[in-house]
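# A look at the structure
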Amino acid sequence: MSIDSLRRSARATVSGLPQGFWWLWLSTLVNRTGAFVLTFLSLYLTVELGHSAWFAGLVVALHGLGGVAGSPLGGVLTDRWGRRPTMVTMHLAAASCAAALAFVTSAWGVALVVLLMGVAMQAVRPSINATISDMVPADDVRRAFALNYWALNLGFAVASIAGGAAAFLGYRTLFLVDAVATTLCAVIVFLRLPETRPERSPRTGGEKPADERVSMLDVLRDAPFRTLVLLNLLVCVVFTAPWIGLPLTMSEQGLPPSAYGMVIAVNGIVIVGFQLLVNKVTERRSPVVLLSVSALLFAVGTGATALAGSSVAFAATVIVWTIGEMVHVPTNAAATARLAPEHARGRYQGVMGMSWAVAGFVAPILAGAIVDGPGSDVLWAGTFTLGVLAAVGYTLRLRRALCEEEPQTVVAEAVAAEPSAAAVSPEPAKPSPASGS
C-alpha cells in the first residue's frame, strides 16, 4: 500500500464528522492525557501512605462500585438536564475529587473520595455517548465511537508515560495535574460544545413529556437491549480478568514484574497504532457479526493465556484480545445508540455503562479468588467459556434486533401507545443527524 493510499484511507476515516464531534474528541484527549489518579493510586496508597496491598485493592474496587451508581445517574441527568450540563458538572466533580486526593491522607477519607470520583467519572460517559449519537449521522456513529475510543487510549498512553517520568515530582503533584486537565476538559465542553439534547415535547392535557415517562425500569423491559446489556456484561468480565489474572499467571511462570509491564503495554500500543485501521476494515459490517467475532477474540485471547509460557507468548495473547477490544467497544456503543429511542439515549447509555462498572467491580474479585483457589488455568478456561457463550448469544438473540433497517424498542412502542402519542411519540431508534457546528 502506497503512502498516498494510506493518506486517503486516513482522510476517509476522519472526514465527514461535524465540528462539534471534534471538540468532544479533543476534550476526551485532554481529559485522558492528565488521567494520573487511577494509574498511580495503588502505588500512592502503598508506597506513599504505607497502606497494605489489600487496602489498595479495596479502594480501587470502590472506584468501580461508585461507577455502578454513577452510570444510571448520569443517564437520567443526560436526558432530563441535558448533555452539556451533565458533562461540565461531572467533569468538575471529578476534578475536585482528584484535587482532594492531594490533601486527604486518612484511610477512609481517601476511600470516600475515590468512591465519589468513581460516581463522577462514570456519570459523564452516558452524556458523551448520547452527544455522539445525537450529532453524528447514523451511518457514521460506529466510526465516531471508534475515533473517540482511540483518543481515550492515546491520552491514556501519554498519561502513563508522562506520569511515570514525572513521578519524581510526587504523587500529589500528579493528582493536581489530573484536576487541572479535567477542569480544562470541562471548559472545552462549556465553551465549544453545543447542547444536542432533542427539544422536549410540550405537555399536553397534563401528560408528562416522553422523556419524563421513561424510567430505568422501562429501559430494562426492552428485551433486545436487556440482552445486549447482559451479553456485554459477560464480555466485560472476560475483558477485565486479564488485568488481574495476567500478572499473577506470569508470576507463577517465574517472570518478573517488569515482563508484565512490557506485555500489558502491548494493549495500548496496538490500540493507538491500529484502531483507525481496524475501524476501516470493519466499517459497514453487520454489528451482530462484529460483536460475535469480538467475543470470540476475547475468548481465544484470554483462553490461550493458560498455554503461554514466555513473555512473547503472553504478548501474543494480549494482541488477540486487544483486537477484540478495538472491535467490541465502538460496536457495542453504536448498537446501544441504535436501540435507544431519541429521548432516552442517556438512560440507555447509562444502563450499558453500568454493565462495565459492575464487571470492573466484580471481575477483579472473582479473578483473584479463582487464581488463589482452583488456579489460573481454571480462570482462563472460564473466560474462554464466557466469551464463546457471548458470541453464541449475539448470533442467536440479537440478529433481528440489530439488523433491521429501523429497529423499534419496547420503550418506544409503549410511549407510542399513550393517548397523547401523536404529540410525544419518539423518532425511530436509529440515531439521527444533528448539527454539531
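Keep in mind the model is a prediction, meaning the values are calculated, not measured. (Residues numbered from 1 in each chain as written. Predicted model: local features only at pLDDT ≥ 70, side-chain atom pairs only at ≥ 80, totals over all residues. Heavy atoms only, no water.)

For the chain, the helix and strand inventory stands at 19 helices and zero strands. The 437 residues of the chain split such that 51% are buried. A sequence separation of at least 24 residues applies to 86% of the contacts in the chain between residues at least 6 apart. Carbon and sulfur atoms form 67% of the exposed surface of the chain, whose accessible area is close to 18300 Å². (Helix = DSSP H or I, 4+ residues; strand = E, 2+ residues; numbered from the N terminus. Buried < 20%, exposed > 50% of the residue type's maximum accessible area, 1.4 Å probe, protein only. Contact = heavy atoms within 4.5 Å. Areas by Shrake-Rupley, 256 points an atom, 1.4 Å probe, with all protein chains shown as cover.)

Turning our eyes to something else, we now look at the layout of surface pockets. Put simply, the second largest pocket is a space of about 480 Å³. What lines the second largest pocket is a set of 20 residues, and nearest its centre among them are Ala138, Asp139, Arg142, Arg285 and Pro287. Breaking the lining of the second largest pocket down by element, the ones donating at least two residues are helix H7 (141–166), helix H12 (257–282), helix H14 (311–339) and helix H17 (399–403). At four residues, the largest contribution of residues to the lining of the second largest pocket is made by H14. Here the residues of the lining of the second largest pocket sort into eight nonpolar, three polar and nine charged. (1 Å grid on protein atoms, 1.4 Å probe; cavity = no way out; pocket = protein on both sides within 12 Å on 5 of 7 lines; lining within 4 Å. Points joined across faces, edges and corners; volume = space filled by probe spheres on them. Nonpolar A, V, L, I, M, F, W, Y, C, P; charged D, E, K, R; others polar.)

A word on the pattern of salt bridges. The full count for this structure, using the stated rule, is nine salt bridges. The salt bridge partner of Arg347 is Asp79, with a shortest N-O separation of 2.9 Å. Of this pair, Arg347 sits in helix H15 (residues 345–372) while Asp79 sits in helix H4 (residues 53–80), and the two are 268 residues apart along the sequence. Each of the salt bridges in this network shares a partner with another, and the network as a whole consists of Asp79, Arg83, Asp134, Arg345 and Arg347. (Salt bridge = Lys/Arg side-chain N within 4 Å of Asp/Glu carboxyl O.)

For the chain, the mean per-residue pLDDT works out to 85, and 86% of the residues sit at or above 70. Across residues 405–437, confidence stays below pLDDT 50; counting only partners more than four residues off in sequence or on other chains, it has 80 contacts. (pLDDT = per-residue confidence, 0-100.)

Attention now moves to the packing of aromatic side chains. Within this structure, the stated rule accounts for 12 aromatic pairs. Taking the centre distance of 5.0 Å and the plane angle of 85 degrees together, the rings of Tyr44 and Phe175 count as edge-to-face. Here Tyr44, found in helix H3 (residues 37–48), pairs with Phe175, found in helix H8 (residues 171–192); they are 131 residues apart in sequence, far enough to count as distant. Across the pair, exposure class does not vary: Tyr44 and Phe175 are buried alike. Residues Phe55 and Trp108 carry aromatic rings whose centres are separated by 5.7 Å and whose planes lie at 80 degrees to one another, so their mutual orientation is edge-to-face. (Phe/Tyr/Trp six-rings, centres within 6.5 Å; stacked < 30°, edge-to-face > 60°.)

This brings us to the packing of helix H2 (residues 19–33) against H8. At a minimum axis distance of 8 Å, the contact between H2 and H8 shows a crossing angle of 170 degrees. As the angle between them shows, H2 and H8 are arranged roughly antiparallel. Residues Gln19, Trp23, Leu26, Ser27, Val30 and Asn31 of H2 form the contact with H8, whose own contacting residues are Ala181, Thr182, Leu184, Cys185, Ile188, Val189 and Arg192. Considered class by class, the residues forming the contact of H2 with H8 number eight nonpolar, four polar and one charged. (Axes fitted to C-alpha atoms, helices over the stretch in contact; angles between N-to-C directions. Parallel < 35°, antiparallel > 145°, perpendicular 65-115°, else oblique.)

Okay, the packing of helix H11 (residues 223–252) against H14 next. Closest axis-to-axis distance for the H11/H14 pair is 11 Å, and the angle between their directions is 155 degrees. The pairing of H11 with H14 is recorded here as roughly antiparallel in orientation. In terms of crossing hand, the pair formed by H11 and H14 is left-handed. Of the residues in H14, those in contact with Pro224, Phe225, Leu228, Asn232, Val235, Phe239, Pro242, Trp243, Leu246, Thr249 and Met250 of H11 are Phe314, Val318, Trp321, Glu325, His328, Asn332, Ala335, Thr336 and Leu339. Looking at the contact of H11 with H14, its residues break down into 14 nonpolar, five polar and one charged. (Left-handed = near helix turned anticlockwise from the far one by under 90°.)

Moving on to unusual backbone geometry. At Arg284, a position not held by glycine, the phi torsion is positive, near 70 degrees. Its location among the elements puts Arg284 in the loop between H12 and helix H13 (287–303).

Moving on, we get to helix H5 (residues 83–101). Between its first and last C-alpha atoms H5 spans 27 Å; for 19 residues at 1.5 Å apiece the expected length is 27 Å, and the two agree. Taken as a whole, H5 has its buried residues at Arg83, Thr86, Met87, Val88, Met90, His91, Ala94, Ala95, Cys97, Ala98 and Leu101. Of the surrounding elements, those touching the buried residues of H5 are H2, H3, H4, helix H6 (107–135), H8 and H15. (Expected span 1.5 Å × (residues − 1).)

This brings us to the environment of Ser52. Its place among the elements puts Ser52 in the loop between H3 and H4. Distance from Ser52 to Ser42, taken between C-alpha atoms, is 9.5 Å for residues 10 residues apart in sequence. Among the polar contacts listed, one links the side chain of Ser52 to the backbone nitrogen of Phe55, at a separation of 3.1 Å. (Polar contact = N/O pair within 3.5 Å; in protein donor to acceptor, adjacent residues only side chain to side chain.)

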